[in-house]
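A closer look at the structure
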Amino acid sequence: MHTIFQKRKVVQVVLLAIALCLTFSWSPKASVMAQEDLPRLVYIYPGGAQEDLALVQEAMSAYMAERIGATIELRPIEWGAYNDQIGLINASGEPYDIAFTAPWINNYYTNVTEEYFIPLDDLLAEYAPNYWASMTPETWEAARVGGSIYGAINQQIFVKPFGPYIRTDILEAVGLVEEFEALTSYEDLAPILAAVQEYADQDDVLTQATYNLAPLNVAENWGYDPIAVDLVVDTTDATAQVQIYSQTEAYRTASQLIRDWYLAGYAPSDVAVWDEMDAAWTAGLYAVRVSDIVKPGGNAEVAARWGWEVTSVAIAEPVLTTAGVIATLNGVSYTSEHPELAVAFLELLNSDPVFYNMLSKGLEGVHWEWADQDAKLIRPANGAASFADTGYNPNTDWMFGNVFNAYYTDVTQVGAWEATAELNRNARPSPILGFTFDGSAVETELASVSAVLQEFGNPLGSGLVDVDEGIARLQEELQNAGIEVVRAEMQRQIDEWLAAKAE
Amino acid sequence: MDVSLNKDEKNNLAPPTSKPRSGFISLRGHLLKRNITWFIMALPALLWLLIFKYLTLFGSWIAFTDYKVRRGIFGSEFVWLDNFKFLFATDSAIRATRNTILLNLLFIFAGTVFALFVAWLLFEVYTSQFTRFYQTFLLLPRFISWVVVSYFVFALLSNEKGLVNLTLKGLGLQEVSWYTSPDYWPIILLLVSLWAGVGISSLIYLSGMLAIDPQLYEAAQIDGANKFQQFTRITFPMILPLVIINLLLSMAYIMNADFGLFFQVTRNQPLLYPTTDVLDTFIYRSLTVTRDISMASAAQFYQSVVGFVLVIFFNWIVRRIEREDEPLSLF
Amino acid sequence: MSHTSNLRELRRQDTDRVMSFLGRFSVHIALIIFSLCCLTPLLLIISASFTDEIALTRNGYSLIPSQFSTEAYDLIFKNPRAILQSYAITIFITVVGTTIAVTIMSLLAYALSRKEFVLRKPLSFFVFFTMLFNGGIVPYYILMTQYLRVQDTIFALLLPYFVVVFYVLILRTYFAALPEELFDAARVDGAGEWRIFFSIVLPLAKPALATIGLFTALNYWNDWTTSLYFIRDSNLYPLQYLLYIIQSNAQAMQLQSAVGNITVGEVPTQTARMAMAVLATGPAALFFLFFQRYLIRGVTLGSFK
């Protein structure tokens, strides 16, 4: 009797389990009804769940259906899962149409060398004429790998004019406003840091002048164009000789500054991880970001993001590099059944402000409304306190297309796009703008070198080791890891590329 | 102290190998039927293994090819052992293998001893009301992700505000810059891994101890055996099969390190690599640029092969020394 | 003579009692110390989750919040649906998954523990082999998404832990130690293998089953990698994945600052992460306290008599 009872219990549990499984797996998915018969494009990009995603998707589909005869399925993947999921989608051949790609997430070069993306040259010219014409041939050149364009470039800030940011209140407190604004080199930042540190020593909240010194020795800060791993080209060198960046005088100077400042106690002596440092910056423990991208509207972004009014000054000369131009791209998958429609979709995103802002800002009257239509300034709809409260706020304009078409959300931003375009236009092009390194022949060496760089390069970037010893050790390890093999291969490709360009 | 008593007890418990079968002929006739039943019992799990493990096994081929999804796994170019080169190309790579093996041996050895010790402590006071609380508390670390663990390890070891350095300072001792001193880290990581794992690993042994016939202990007590003798002569021999199987299975994973422990808890600090860089972190670091599937697959294959060889070897040893009536080996 | 020896015997018993008390006392002390080592970090996390964000960053961790605040929980429960749904998912997969897994694993382990089973050795190897070699993530992904088509369903979360070879081998060792005479006696009474398994083996193996059950439950409860690969629908996020995503989103977002884009969403605060850790751990710990009863009940059945 006992067993019978138990058996019945087991059966009940199993039945319940099955029932629950079915409910979970058959939950209805939101679908667009009207354009059922049209091809449906799948767009995958990083982003958190948005309450009103289905609403936006429906509106976009309706808009697209009329113009290009296709509908869209938006498939955002959590930031923290994007690399893993898109990597598996690609490697397993799961079909989709368009995906966000970049050198820093969903690696563009991997996508090209692994043949996940299709060449877009002809498709862009035919199905995206406005978009194609909106950028110069040199700009498009940057997205070429092995002669073909595999990623559609988003128009945004292409140059990286690095410079220091400082909290305005502290800067005023130490009385060095003019000195800061007149900065032309990082060496001159030292006395300001010293003054801020002195101030910090007296202050209860402020603990250190600055925190993350590492950006100081990025190659762009010193006029070099980084190609891959530690290999760079001097942007003033027309013959484009590949150099090992950590062998250059600039790298030594930067590392020495970092070391000096670290020893002077301007930065915390501990290794911290980025998100903690970020929290600490928000909490007001630090006053200076020694090196960050100084761009039009940047101060307002920092203020909005971390709650501190800041002053910034660009020190590095803006140079147009391949990496800068292709910082954000959208690629078309080889599994796409309608590549021409995918490109037509990109055309809409990049040349039609209405469509583009649907995706990046949501729907007028639902998520935003005009604050000043002439200035293209919007505000949260229906009296919502912020865009985050409206139900749709991906806040990643630069991911979807031409940011110069984005509506401004803050009055201090107005005019930033024109200024950015100006900055891009006036930047000096790198001699290897448009060159892309194909590392498939030297994969073992690339793996070894990148491991070495993290082990022996990162401590130099945080000031933890003596500069001379650290650099000597780094060089030795880089040689052992086979960096010369990579350099030779890279130089060969550059020479070929230059020769082809000269013809 | 009569040790033979234990042996006698055991022999009584051990299966009388052939006698009953000769006594009950009908039982032998049912042997085929029983075999079939056993196979049916095993079937669901075997099917799962077939689908989830064996069907996907062909993917190991990727390790030997320049995998391109558009050409398929078997259509991709065969490149012999090219994908394995980065695992041996540099001193750091060799060091990663060495660290993995040495640290794992340390963790396995210390972990087993500590788990046995804690299991024994729990066993001694098992009827106490407090024990369920001890066990629950010991299991708590299991729920805390390594990222969160890294936060409070940092709270303990950071330079200025760290509790350890504050204590050292208070005692008038020299403070230590923990995150730049690799020598301390095998011990720190060992302590963290013991802390995180003991709740779980002691459970296996505890459940083994709970299954031991209490009469054995009663008999031993009458003979005047003290607690320590009871442990060495009854408890330990009785759970030895569990210890051995645990050690054997640990060998299988000797080349695999807990990525979270070594990456998060050390905060991926390069100055600590000499003692903390293990294969999993090294592979991760090497492939951040290329994210090459074939090389990742090769690394995994390498880890598996070494584990496999070790298990086969130790299993062979166990088979040589095990008793006929008490098999300890895996297969 | 006999009187003195009696006295001596009594004294010896006294000493024994005192020694035994001291022994038990020191065992308790040791266990209390270990428990505190495990408990303190959790208390730090709980305290941190109730601390004001800025105060936490400035003052560091402490057992008592330096500045009390429930902001982190307010933030999480601003949209309680997400977290409640995650709870439901996690509890469901833990209960159902563990039930199925323990059943099929113990069946397999039982078969493999029978010395008369002719396929014992080859099947043991068949089982064990899978522990070492696996095809890696790509074929697994292809299997799950293109053949089984379980991505974005609850099945994707249930399937991966049905058989853990390690546990099967532990169970096998345990079953193999059960006295053979019990089985023979049952067979004489005419019991079939199924009945022997359900009415003799399983009750006797309660401590082992409870242990393996607990391990499996922990696997399901703590699993976030499966979701990382197969779950995109936020309605199906288990608790630990929700926690993972909160943490890893913050890390992934730092990448953008490298290209000068810094205005993405709100990065979850440290305290919110701590609060999530508390929410993901607390109920499981309570559940375990309750579950403990089964382990203790096992003791009374403890011996193989």
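Here the structure is a predicted model, which means the values were calculated and not measured.

**Points about the overall build of chain C**
- When its secondary structure is counted, chain C shows 14 helices and zero strands.
- For chain C, the N- to C-terminal ordering of α and β elements is α-α-α-α-α-α-α-α-α-α-α-α-α-α.
- Residues counted as buried form 47% of the 305 residues belonging to chain C.
- The contacts in chain C between residues at least 6 apart in sequence include a share of 71% that link residues at least 24 apart.

**Comments concerning the overall build of chain B**
- In terms of helices and strands, chain B carries 15 helices and two strands.
- Looking at chain B residue by residue over its 331 residues, the buried ones come to 44%.
- Taking as baseline every contact in chain B between residues at least 6 positions apart, the subset at least 24 positions apart corresponds to 69%.

**As for the sheet that holds strand β13 (residues 310-312) of chain A**
Residues and elements named next belong to chain A.
- Spatially, β8-β12-β7-β13 is the arrangement adopted by the four strands of the open sheet, whose pairing is mixed. Two strands bound the open sheet, and with one partner strand each, they are β8 (208-210) and β13. Shown here is a sheet whose adjacent strand axes are inclined to one another by a mean of 20°, direction ignored.
- Bridge count between strand β7 (residues 162-167) and β13: three bridges; the pairing is antiparallel. In the sheet register, Tyr-165 faces β13, and the bridge partner there is Ser-312.
- Most of the contacts of helix α10 (residues 189-202) go to β8, to which it runs at about 150°, and overall it touches β7, β8 and β12 (286-293).
- Of the strands in this sheet, β7, β12 and β13 touch helix α13 (residues 298-306), which is tilted by about 150° from β13.

**Describing the sheet that holds strand β10 (residues 231-234) of chain A**
Residues and elements named next belong to chain A.
- One open sheet accounts for three strands, arranged β9-β10-β11; its pairing is antiparallel. In this open sheet, the two edge strands, each paired with only one partner strand, are β9 (224-228) and β11 (242-244). Looking at each pair of strands side by side, their axes are set apart by 45° on average, direction ignored.
- Relative to β11, β10 runs antiparallel, the two sharing three bridges. Bridge pairing links Val-233 to Val-242 in β11.

**What to know about the interface of chain C and chain B**
- Contact residues are listed per partner, giving 85 residues for chain C and 75 residues for chain B.
- With 15 residues, helix α1 (residues 2-49) of chain C is the single largest residue contributor to the side of chain C that touches chain B.
- For the side of chain C that touches chain B, a count of residues per class yields 57 nonpolar, 18 polar and ten charged.

**Comments concerning the packing of helix α8 (residues 165-176) of chain C against helix α11 (residues 206-222) of chain C**
Residues and elements named next belong to chain C.
- Packing of α8 against α11 brings their axes to within 10 Å, and their N-to-C directions diverge by 175°. It follows that α8 is roughly antiparallel to α11 by the angle criterion. On α11, the residues touching Tyr-167, Ile-170, Leu-171 and Tyr-174 of α8 are Ala-208, Ile-212, Phe-215 and Thr-216.
- Taken together, the residues that form the contact of α8 with α11 break down as seven nonpolar, one polar and no charged.

**Regarding the nonpolar core**
- Judged by nonpolar contacts, the single largest core of 323 residues is most densely connected at Phe-345 of chain A together with Met-105 and Leu-108 of chain C.
- The greatest single-element share of this core, amounting to 15 residues, is contributed by helix α4 (residues 80-113) of chain C.
- In this view, Phe-345 of chain A contacts Leu-41, Met-64, Ile-68, Ala-70, Ile-72 and Ile-98 of chain A; residues no more than four positions away in its chain are not counted.

**Concerning the packing of helix α9 (residues 185-210) of chain B against helix α11 (residues 227-252) of chain B**
Residues and elements named next belong to chain B.
- Interaxial distance between α9 and α11 falls to 9 Å at its minimum, and their mutual angle equals 145°. Classified by chirality, the crossing of α11 by α9 is right-handed. Seen from α9, the contacting residues are Ile-204, Tyr-205, Gly-208 and Met-209; seen from α11, they are Thr-235, Ile-239, Leu-242 and Asn-246.

**A short note on the environment of Trp-281 of chain A**
Residue and element names in this part refer to chain A.
- With respect to the secondary-structure elements, Trp-281 resides in helix α12 (residues 274-282).
- Separated by 26 residues in the primary sequence, Trp-281 and Gly-307 have C-alpha atoms spaced 9.6 Å apart.
- In contact with Trp-281, not counting residues within four places along its chain, are Tyr-211, Tyr-286 and Trp-306.

**So, the confidence of the model for chain B**
- Averaged over chain B, the pLDDT score is 84; the fraction of residues at 70 or greater is 90%.
- Mean pLDDT across the elements of chain B bottoms out in helix α1 (residues 4-13) of chain B (38) and peaks in helix α5 (residues 91-124) of chain B (94).

**Considering unusual backbone geometry**
- Here Arg-267 of chain B, not a glycine, exhibits a phi torsion of approximately 55°, which is positive.
- Turning to its location among the elements, Arg-267 of chain B is positioned in the loop between α12 (259-264) and α13 (273-276).
- Although it is not a glycine, Asp-152 of chain C sits at a positive phi angle of roughly 60°.

**Some points on the pairing of strand β3 (residues 98-101) of chain A**
All names here are of chain A.
- Of the two faces of β3, the one carrying Ile-98 and Phe-100 and the one carrying Ala-99 and Thr-101 are both buried.
- Two strands pair when backbone bridges link them, and β3 and strand β15 (residues 329-332) are joined in this way by four bridges, in the antiparallel orientation. Bridge pairing in β15 links Ile-98 to Val-332.

**Focus: the environment of Ala-119 of chain B**
- Residue placement: Ala-119 of chain B occurs in helix α5.
- Other than its neighbours up to four places away in sequence, Ala-119 of chain B contacts Ser-202, Tyr-205, Leu-206 and Met-209 of chain B.

**Quick notes on the confidence of the model for chain C**
Residue and element names in this part refer to chain C.
- Mean pLDDT over chain C stands at 83; residues scoring 70 or higher make up 86%.
- Per-residue pLDDT, averaged within each element of chain C, yields its smallest value for helix α14 (residues 270-301) (71) and its largest for helix α7 (residues 154-158) (95).
- Note that residues 298-305 has pLDDT below 50 and, in this model, 21 contacts with residues that lie over four places away or in other chains.
- The ipTM value of the predicted complex is 0.85, and its pTM value is 0.84.

**Remarks on the environment of Lys-295 of chain A**
Residue and element names in this part refer to chain A.
- Turning to its location among the elements, Lys-295 is positioned in the loop between β12 and α13.
- A tally of 24 C-beta atoms within 10 Å means that Lys-295 is categorised as buried.
- Considered as a pair, Lys-295 and Leu-189 are 106 residues apart in the sequence and their alpha carbons are 19 Å apart.

**With respect to helix α5 (residues 120-132) of chain C**
- The end-to-end C-alpha distance of α5 of chain C, which contains 13 residues, comes to 19 Å, matching closely the 18 Å that a straight helix rising 1.5 Å per residue would cover.
- Turning to α5 of chain C, its buried residues number three or more, namely Arg-120, Leu-123, Ser-124, Val-127, Phe-128 and Met-131 of chain C. Buried positions in α5 of chain C, seen along its axis, are confined to an arc of 130° and lie on one side of it.
- In the core, the buried residues of α5 of chain C are packed alongside α4 (31-54) and α11 of chain B together with α4 and α8 of chain C.

**What about the pairing of strand β2 (residues 71-77) of chain A?**
All names here are of chain A.
- As defined by bridge partners, strand β1 (residues 40-46) adjoins β2 across seven bridges and the pair is classed as parallel. Along β2, the bridge assignment pairs Val-42 with Glu-73.
- Between the parallel pair β1 and β2, the chain is carried across by helix α2 (residues 53-68), and the sense of this crossover is right-handed.

Reading the values: the criteria
- Residues numbered from 1 in each chain as written.
- Chains lettered and ligands numbered in written order.
- Predicted model: local features only at pLDDT ≥ 70, side-chain atom pairs only at ≥ 80, totals over all residues.
- Helix = DSSP H or I, 4+ residues; strand = E, 2+ residues; numbered from the N terminus.
- Buried ≥ 20, exposed ≤ 12 C-beta atoms within 10 Å, placed from the backbone.
- Contact = placed C-beta atoms within 7 Å.
- Pairing = 2+ DSSP bridges.
- Axes fitted to C-alpha atoms, helices over the stretch in contact; angles between N-to-C directions.
- Nonpolar A, V, L, I, M, F, W, Y, C, P; charged D, E, K, R; others polar.
- Parallel < 35°, antiparallel > 145°, perpendicular 65-115°, else oblique.
- Core = buried A, V, L, I, M, F, W, Y, C linked by C-beta atoms within 7 Å.
- Left-handed = near helix turned anticlockwise from the far one by under 90°.
- pLDDT = per-residue confidence, 0-100.
- Expected span 1.5 Å × (residues − 1).
- Arc of directions from axis to C-beta.
- Right-handed = clockwise from strand over helix to strand, strands pointing away.

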